[in-house]
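Letter by letter, the chains look like this.
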Amino acid sequence: MNIKSFHPPQRVLMGPGPSDVSPRVLEAMSRPTLGHLDPVFVNMMDEMKSLLKYAFRTENELTMPVSAPGSAGMETCFVNLVEPGDKVVICQNGVFAGRMKENVERCGGTAVMVQDEWGRAIDPQKLEDALKANPDAKIVAFVHAETSTGAQSDAKTLVEIAHRHGCLAIVDAVTSLGGSKLLVDEWKIDAIYSGTQKCISCTPGLSPVSFGNNALEKIKNRKTRVQSWFLDLNLVMGYWGGATKRAYHHTAPINALYGLHESLVILQEEGLENSWARHQKNHLALRAGLEAMGLSFVVPEGERLPQLNSISVPEGVDEGLVRSMLLSDYGLEIGAGLGAMAGKVWRIGLMGHSSNPKNVRLCLAALDDVLGRLNAPIQRGVAVAAANASL
Ligand SMILES: *Cc1c(COP(=O)(O)O)cnc(C)c1O
């Protein structure tokens, strides 16, 4: 092995995450490392909490980044809120709700799965029926933005139904935060987790979470200890909580947090609503180009995520070969299908810093070229013009 430093190539990241990271965020991460109890750093942590409250649209005091990726945010919600014997109703319309089930069962709870078609939004009526059939359920959990399929569900309505049946609501907002409308307080979401590498466009490895008062009550009144020492909020809050004294719990990922702080500052500079609108505008331009080319969306209109576009692979096309040609010839990464959709779809992300007109044009031109060379049944030479007309 040759000992040398690692120099990754410059890619354009248009998959299901990570998204492109702004040079401003990368530069922030290269600043001098501080101690995790340094007063200057602690001050930044407080600012970080306010910035996260802004992004989540919440006043929840317990709003902070977990020191690990989105999956750890998911576990933080489940290990703290689910006690042995608790029944949890999980709405599933893609891959990620399957992980929620794993979490519930490993916490000693019982998962009741409410199945929806993959590629569709969650049907609120099915949740209503499941809660009527399971009056002892304590928690409802669902994914707001299903990155595995590109479907967006009506979180506000699903949370209302959960509350009407006396349940707390846990929401996966890993892909929605920053990219589409999400109002934690107005929608009365009890516990929510997200990730930094999707529409927030920071590097992967952190998971913003937020907990409302009813969730905190349930955590305080637990009869059993949280099974995970690292993710036990009672302990984590000794470091992230209280405005005054902070005690060591774990060494925070200091420089990664500088990056998250910078990416949230960028979000605030742009304005949250403007960011949602930008994601929608670029999605419409990409859609115009893809449809002009003759490609079709998996998710019906009205249920589509602007930040994750699932496209059916045309008949007879080797989907893996297309992705590897895009990567080698254009430095462009798009995503493959996941779970039941593997081999059948491409997932084109327009997340955060990656959601811009330049990337829309690049992706369309690159697909036109690569699919053309493979003699795929598409209309050639029309996609970029269609996107331009939309932009
Ligand atoms: C990416 C993703 C996760 C997992 O996040 P990691 O950072 O990969 O752990 C969970 N849920 C959804 C909806 C996601 O898109």
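Now for a description of the structure that goes with this document. (Residues numbered from 1 in each chain as written. Predicted model: local features only at pLDDT ≥ 70, side-chain atom pairs only at ≥ 80, totals over all residues. Heavy atoms only, no water.)

## Regarding the layout of surface pockets
Size it by volume and the largest pocket reaches roughly 470 Å³. Q10, R11, L13, D20 and V21 are the residues nearest the centre of the largest pocket, which is lined by 18 residues in total. Contributing elements (two or more residues each) for the lining of the largest pocket: β1 (12–14) and α12 (357–373). Element by element, the count of residues in the lining of the largest pocket is highest for α12, at 3 residues. Split by domain, the lining of the largest pocket shows at least three residues from each of two domains, domain 1 (23–268) and domain 2 (272–390). (1 Å grid on protein atoms, 1.4 Å probe; cavity = no way out; pocket = protein on both sides within 12 Å on 5 of 7 lines; lining within 4 Å. Points joined across faces, edges and corners; volume = space filled by probe spheres on them. Helix = DSSP H or I, 4+ residues; strand = E, 2+ residues; numbered from the N terminus. Domains from an automatic or database assignment.)

## Topic: empty space enclosed by the protein
Counted under the stated rule, the structure contains 1 cavity of 30 Å³ or more. In this structure, the largest cavity encloses a volume near 60 Å³. Around the largest cavity, the lining residues are M64, P65, V66, S67, T76, F230, L231, L233, V236, W240 and H250. Counting residues per element, the ones that place at least two in the lining of the largest cavity are β2 (62–66) and α8 (233–240). Grouping the amino acids of the lining of the largest cavity by side-chain chemistry returns 8 nonpolar, 3 polar and no charged. (Nonpolar A, V, L, I, M, F, W, Y, C, P; charged D, E, K, R; others polar.)

## Focus: the sheet that holds strand β5 (residues 139–143)
Spatial ordering of the open sheet is given by β2-β10-β9-β8-β5-β3-β4, a layout of 7 strands whose pairing is mixed. Both edges of this open sheet fall to β2 and β4 (110–115), since each of them pairs with a single strand only. Across the sheet, the mean angle separating the axes of adjacent strands is 15 degrees when strand polarity is ignored. Contacts from helix α4 (residues 96–106) reach β3 (87–92), β4, β5, β8 (168–172) and β9 (191–193) within the one sheet, and its direction differs from that of β3 by about 170 degrees. Packed on one face of the sheet, helix α7 (residues 213–220) meets β2, β5, β8 and β10 (207–211) and runs near 90 degrees to β10. (Pairing = 2+ DSSP bridges. Axes fitted to C-alpha atoms, helices over the stretch in contact; angles between N-to-C directions. Contact = heavy atoms within 4.5 Å.)

## Description of the packing of helix α5 (residues 124–133) against helix α6 (residues 155–164)
Running from N to C, α5 and α6 cross one another at 15 degrees; their axes reach a closest spacing of 10 Å. As summarised for this structure, α5 and α6 are arranged roughly parallel, according to the angle between their axes. The chirality of how α5 crosses α6 is right-handed. Touching P124, L127, E128 and L131 of α5 are T157, L158, I161, A162 and R164, all from α6. (Parallel < 35°, antiparallel > 145°, perpendicular 65-115°, else oblique. Left-handed = near helix turned anticlockwise from the far one by under 90°.)

## Description of the pairing of β10
When a strand is regular, its side chains alternate between the sheet's two faces. Where burial is concerned, most of β10 is hidden: 5 out of the 5 residues are buried. Residues S207, V209 and F211 line one face of β10 and the alternating positions P208 and S210 line the opposite face, and both faces are buried. Note that β2 and β10 share 5 bridges and pair antiparallel. Directly across from T63, in β10, lies its bridge partner S210. Of the strand pairs in this sheet, β9 and β10 are connected by 3 bridges, and their pairing is antiparallel. Looking at the pairing, I192 lines up with S210 of β10. (Buried < 20%, exposed > 50% of the residue type's maximum accessible area, 1.4 Å probe, protein only.)

## Some details on the site of the ligand
By nearness alone, every residue bordering the ligand is listed as P69, G70, S71, F96, V143, A145, T147, D172, V174, T175, Q197 and K198. Between the ligand and G70 there is a distance of 2.9 Å, counted from an oxygen atom to a backbone nitrogen or oxygen. Contact distances for the ligand include 2.3 Å between an oxygen atom and a side-chain N or O atom of T147. Coverage of the ligand by the protein amounts to 88% of the 380 Å² it exposes when considered alone. (Near = heavy atom within 4 Å. Polar contact = N/O pair within 3.5 Å; in protein donor to acceptor, adjacent residues only side chain to side chain. Areas by Shrake-Rupley, 256 points an atom, 1.4 Å probe, with all protein chains shown as cover.)

## Observations concerning the environment of K188
Relative to the helices and strands, K188 is located in the loop between β8 and β9. By relative accessible area, which is 54% here, K188 ends up exposed. Separated by 180 residues in sequence, K188 and D368 have C-alpha atoms that sit 44 Å apart. Ignoring sequence-local partners within four residues, the contact set of K188 consists of V159 and H163.

## Description of the nonpolar core
Among the nonpolar cores identified, the biggest contains 88 residues, and F78 and F211 are the most heavily contacted of them. If you tally residues by element for this core, the top one is helix α2 (residues 39–56), at 9 residues. Other than its neighbours up to four places away in sequence, F78 contacts M100, N103, V104, C107, A141 and I170. Counting 30 residues, the second largest nonpolar core, distinct from the first, contains A285, M325, W346 and A383. (Core = buried A, V, L, I, M, F, W, Y, C linked by side-chain atoms within 4.5 Å.)

## Focus: the packing of aromatic side chains
Considering all chains together, one arrives at 2 aromatic pairs under this definition. Relative to W240, the ring of Y239 lies with its centre 6.2 Å away and its plane at 75 degrees, an arrangement referred to as edge-to-face. Across the pair, W240 and Y239 agree in class, each one buried. (Phe/Tyr/Trp six-rings, centres within 6.5 Å; stacked < 30°, edge-to-face > 60°.)

Note that every value here comes from positions in space, so none of it alone points to a role or purpose.
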